[in-house]
Amino acid sequence: MNLLIIRLIIFAVLFFAGLKLYRMYREWKLDREELLESDETRREGGQMVRCSWCKVHVPESDALREQGEWFCSSAHRDRYLQEQKPEEKE
Ligand SMILES: [Zn+2]
């Protein structure tokens, strides 16, 4: 009788431990898939824009926008704006 109860408890513990592990694994897998998916949609959805200074294509999320033009970096933006308005030099 006692042995049966102990066996039942052991089985129950093993069952719940297995269930918990399985759920943890499933959540981890889902998280990974969501991460990969969002990364891919971001890459696909993100448009490429051309730097008006060096003509290099950069993702829109990494580019800077100034006066309707796109730039790969603030340095190129500044140089482009300086070239655009030479008369405004002091
Ligand atoms: Zn550039």
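Undergrad: Help me get a handle on the overall build of the chain, residues and values and all.
TA: A count of helical and extended segments in the chain gives 2 helices and 4 strands. For the chain, the α and β elements follow one another from N to C terminus as α-β-β-β-β-α. For the chain, the residues scored as buried account for 11% of the 90 residues in total. In the chain, 10% of the contacts between residues at least 6 apart in sequence involve partners at least 24 apart. Summed over all atoms, the accessible surface of the chain reaches about 8,300 Å², with 55% contributed by carbon and sulfur.

Undergrad: Help me get a handle on the coordination of the zinc ion, residues and values and all.
TA: For the zinc ion, every protein donor is listed as Cys 51 (SG), Cys 54 (SG), Cys 72 (SG) and His 76 (ND1), and the spread of their distances is 1.9 to 2.3 Å. The site at the zinc ion holds 4 donor atoms, and with the angles between them running 94 to 123°, its shape is tetrahedral. The sequence pattern formed by the donor residues of the zinc ion is C-x2-C-x17-C-x3-H. Of the two residues, Cys 51 sits in the loop between strand 1 (48–50) and strand 2 (57–59) while Cys 72 sits in the loop between strand 4 (69–71) and helix 2 (74–84), which places them 21 residues apart along the sequence.

Undergrad: Could you give an account of the packing of aromatic side chains, with specific residues and numbers?
TA: Scanning the model with the defined rule gives 3 aromatic pairs in all. Here the aromatic rings of Phe 15 and Phe 16 are separated by 5.5 Å at their centres, their planes lie at 75°, and the arrangement is edge-to-face. Under the relative-accessibility criterion, Phe 15 is labelled exposed at 51%. Phe 16 sits in the exposed class, given a relative accessible area of 54%. Measuring from centroid to centroid gives 6.0 Å for Tyr 25 and Trp 28, while their planes differ by 35°, and the two rings are tilted. Here Tyr 25 pairs with Trp 28, and both are found in helix 1 (residues 2–45), just 3 residues apart, close to one helical turn.

Undergrad: Lay out the confidence of the model for the chain with the relevant residues and their values.
TA: Here the chain averages 87 in pLDDT, while 84% of its residues score no lower than 70. Looking at the elements of the chain, mean pLDDT is at its lowest for helix 1, recorded as 86, and at its highest for strand 4, recorded as 95.

Cut-offs and rules
Residues numbered from 1 in each chain as written. Predicted model: local features only at pLDDT ≥ 70, side-chain atom pairs only at ≥ 80, totals over all residues. Heavy atoms only, no water. Helix = DSSP H or I, 4+ residues; strand = E, 2+ residues; numbered from the N terminus. Buried < 20%, exposed > 50% of the residue type's maximum accessible area, 1.4 Å probe, protein only. Contact = heavy atoms within 4.5 Å. Areas by Shrake-Rupley, 256 points an atom, 1.4 Å probe, with all protein chains shown as cover. Donors = N, O, S within 2.8 Å, 3.2 Å for Na, K, Ca; no water. Tetrahedral: all angles 85-135°; square planar, octahedral: opposite > 155°, others 65-115°. Phe/Tyr/Trp six-rings, centres within 6.5 Å; stacked < 30°, edge-to-face > 60°. pLDDT = per-residue confidence, 0-100.

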